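Chain by chain, the residues run as shown.
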Amino acid sequence: MSAPPPPPPSRFVAGLVGLQVGGAAGFLLTETVGAFCAFVLDRALHVDGSGALLVAYIAVPLVCAVLGAVIGVRCAGRASRPYR
């Protein structure tokens, strides 16, 4: 007798995983841009000198986290539907 297939991941769990993965990707993106500017362009980015740069460093990980959550929920919703 074989075991039943595991249930598809819930949308809540997929959203949380997407939120964390997206936030990590956004953080990595901002750090990569900062390292590129520092080492390749030889210009350090100072967030205290410009308000727009500080907003970008905060907004990019947040936007990526929300996008990751939306993508995670959509993928989990698609996985729970039966095949046609």
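The present account deals with the structure reproduced in this document. Predicted model, so just to flag it, every value in this text is computed and none were measured. (Residues numbered from 1 in each chain as written. Predicted model: local features only at pLDDT ≥ 70, side-chain atom pairs only at ≥ 80, totals over all residues. Heavy atoms only, no water.)

1. Notes on the overall build of the protein chain
Next up, step 1: What the protein chain contains, in helices and strands, is 2 helices and 0 strands.
Next up, step 2: Here the contacts in the protein chain between residues at least 6 apart in sequence split such that 77% fall between residues at least 24 apart.
Next up, step 3: Entry remark: accessible area of the protein chain is about 6,700 Å², with carbon and sulfur atoms responsible for 72%. (Helix = DSSP H or I, 4+ residues; strand = E, 2+ residues; numbered from the N terminus. Contact = heavy atoms within 4.5 Å. Areas by Shrake-Rupley, 256 points an atom, 1.4 Å probe, with all protein chains shown as cover.)

2. Notes on unusual backbone geometry
In most cases, non-glycine residues show a negative phi, while peptide bonds are predominantly trans.
Next up, step 1: Of note in this structure, D42 is not a glycine but carries a positive phi near 55°.
Next up, step 2: Inspection of the secondary structure puts D42 in the loop between α1 (11–39) and α2 (51–80).
Next up, step 3: The exposure class assigned to D42 is exposed, which follows from its relative accessible area of 69%. (Buried < 20%, exposed > 50% of the residue type's maximum accessible area, 1.4 Å probe, protein only.)

3. A short note on the side chain of T30
Next up, step 1: Summarising the element assignment, T30 is placed in helix α1.
Next up, step 2: You can call T30 buried: its relative accessible area is 8%.
Next up, step 3: Contacts of T30, omitting those with residues within four sequence positions, involve A56, Y57, V60 and P61.

4. Re a nonpolar patch on the surface
Next up, step 1: Together, F12, V13, L16, V17, L19 and V21 give the surface a local cluster of nonpolar side chains, amounting to about 560 Å² of exposed area.
Next up, step 2: With respect to the helices and strands, V17 occurs in helix α1.
Next up, step 3: A relative accessible area of 47% means that V17 is categorised as partly exposed. (Patch = residues over 30% accessible without salt bridge, like charges linked within 9 Å, V, L, I, M, F, W, Y side chains within 5 Å. Salt bridge = Lys/Arg side-chain N within 4 Å of Asp/Glu carboxyl O.)

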